[in-house]
Amino acid sequence: MIDRLLEHFGGENIAVACIYCDFQDHERQTAANMVGALTKQVVNALKMVPPEIEEAFKRAEREVGGRGLRVPETVRLLGSALAPVRRTFICIDAIDECSDEHLSQLLTSLQTISQTSPGVRLFITGRPHIQSVVEKSLPGSMQIIPFSPNSEDIREFLEMKLKHGSSSEEMSPALKADIMKRIPEKIPDVYVISNSISQATSYR
Amino acid sequence: MDPSTQLEPNATGTGHINSFNQIHSNNTTNITYADEKTKVLNWLSPLQSHVRHNDVRNRRQDGLGEWFVQTDEFLRWRDGEGESGKATLFCSGNPGVGKTFLR
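The rules behind the values
- Residues numbered from 1 in each chain as written.
- Chains lettered and ligands numbered in written order.
- Predicted model: local features only at pLDDT ≥ 70, side-chain atom pairs only at ≥ 80, totals over all residues.
- Heavy atoms only, no water.
- Phe/Tyr/Trp six-rings, centres within 6.5 Å; stacked < 30°, edge-to-face > 60°.
- Buried < 20%, exposed > 50% of the residue type's maximum accessible area, 1.4 Å probe, protein only.
- pLDDT = per-residue confidence, 0-100.
- Helix = DSSP H or I, 4+ residues; strand = E, 2+ residues; numbered from the N terminus.
- Contact = heavy atoms within 4.5 Å.
- Core = buried A, V, L, I, M, F, W, Y, C linked by side-chain atoms within 4.5 Å.
- Pairing = 2+ DSSP bridges.
- Axes fitted to C-alpha atoms, helices over the stretch in contact; angles between N-to-C directions.
- Expected span 1.5 Å × (residues − 1).
- Arc of directions from axis to C-beta.

**What about the packing of aromatic side chains?**
Each aromatic ring pair is summarised here by two numbers: the centre-to-centre distance and the angle between the ring planes. One pass over the full model with this rule turns up ten aromatic pairs over all chains. One aromatic cluster is present, formed by F9, F89, F123 and F147 of chain A together with W67, F68, F74 and W77 of chain B through successive ring pairs.

**With respect to unusual backbone geometry**
Its identity as a non-glycine residue notwithstanding, A94 of chain A has a phi of 55°, on the positive side. Given the relative accessible area of 12%, A94 of chain A is considered buried.

**Notes on the confidence of the model for chain A**
Residues and elements named next belong to chain A. Chain-level statistics for chain A give a pLDDT mean of 83 and a share of 81% at 70 or above. Per-element confidence in chain A is highest for helix α4 (residues 71–82), whose mean pLDDT is 96, and lowest for helix α9 (residues 190–202), whose mean pLDDT is 48. Overall, residues 190–199 carries pLDDT values under 50, and its contacts beyond four positions in sequence, including any with other chains, amount to 17 contacts.

**Here's the deal with the nonpolar core**
Formed by 48 residues in total, the largest nonpolar core has its most connected members in I53, I90, I92, I95 and V134 of chain A together with W43 and L44 of chain B. Secondary-structure elements contributing two or more residues to this core are β1 (14–20), α2 (31–45), α3 (51–62), α4, β2 (87–93), α5 (100–116) and β3 (120–126) of chain A together with α1 (31–44) of chain B. When residues in this core are grouped by element, the largest group, eight residues, is from α2 of chain A. Not counting the four nearest positions on each side in its chain, I92 of chain A is found in contact with I19, C21, L110, F123, I124 and T125 of chain A.

**Overview of the sheet that holds β2 of chain A**
An order of β1(A)-β2(A)-β3(A)-β1(B)-β4(A) is seen for the five strands of this open sheet, with the pairing classed as parallel. Across the chains shown, the open sheet's two edge strands, defined by having one partner strand only, are β1 and β4 (142–146) of chain A. Mean inter-strand twist for the sheet, computed between neighbouring axes without regard to direction, equals 15°.

**Some remarks on the pairing of strand β1 (residues 88–92) of chain B**
Extensive coverage of β1 of chain B is indicated by the burial of five of its five residues. Taking every second residue as pointing to the same face, both faces of β1 of chain B are buried, with T88, F90 and S92 of chain B on one and L89 and C91 of chain B on the other. Bridge count for β3 of chain A against β1 of chain B is five bridges, and the pairing is parallel. Following the sheet pairing, G126 of chain A is matched in β1 of chain B by S92 of chain B. In terms of strand pairing, β4 of chain A meets β1 of chain B through five bridges, oriented parallel.

**With respect to α3 of chain A**
All names here are of chain A. With twelve residues, α3 extends 17 Å between its outermost C-alpha atoms, agreeing within 8% with the 16 Å of an ideal straight helix rising 1.5 Å per residue. Within α3 the residues assigned to the buried category are I53, E54, A56, F57 and A60. In a view along the axis of α3, the buried residues occupy a sector of 165°, so they form one face of it. For α3, the exposed residues set more than 90 degrees away from the buried face come down to P51 and R62.

In structure tokens, the structure reads:
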């Protein structure tokens, strides 16, 4: 998604920033660190560090022990970073993996950013159950697209698995052909296929 | 071609580095400024999204979910300006269906 957007808008005044939420990284993935990560990516794309951010950094440096950033401040700094950019795409992957403790703060921050920086577009992925939580925080401005792979996706996935699977050489061409024919017809979910194929290819 | 070679310039139109590339600023002649910038970036957040992004980029298959990026909803979201079009696109699906690897 990120690479596609960058390619499409290549050369234009746009920025793309992303966060991959991860169950296993809850300790570091605080709301402040996540919003800060967005700012970091936008600033990295800018030629100059915006003066407001430079000043905030210097202030923090002067304080003994170097105080960490708090959420409202990170939101303000993200706003400063976005000011010179015409359009910004913010991608949040697997938002359901964000800890409950930080999810609401993250969503509130995203809402503030969308309101104060009109050039911002948000792309969020997550399991269906989190949808209503996200919608509540971003009222009226959310479009939902259920993602499920189509049969073409499934065929491509199967071909790759059969070509590079651990025991691909041990499978007869007839078995492979059978898998290619039956699975896309019957199982509309790559997750299930992924498991059944890895089981099938691990039989000895 | 690796898409990253086409990314510059990203935000200002003046040939700076892209967010998802490694920080190459230390190679430039303006070492002091590059160091300063790196310090500011590290202060903003310890998270390194580009590391995970490069991992995703290496593992994904081109062509997956091609239909998704051709939907009207996606195109309106991508091309809508200001108030036009919905500002947020939520892609909903169970783990493993390929949302992360959508290209």
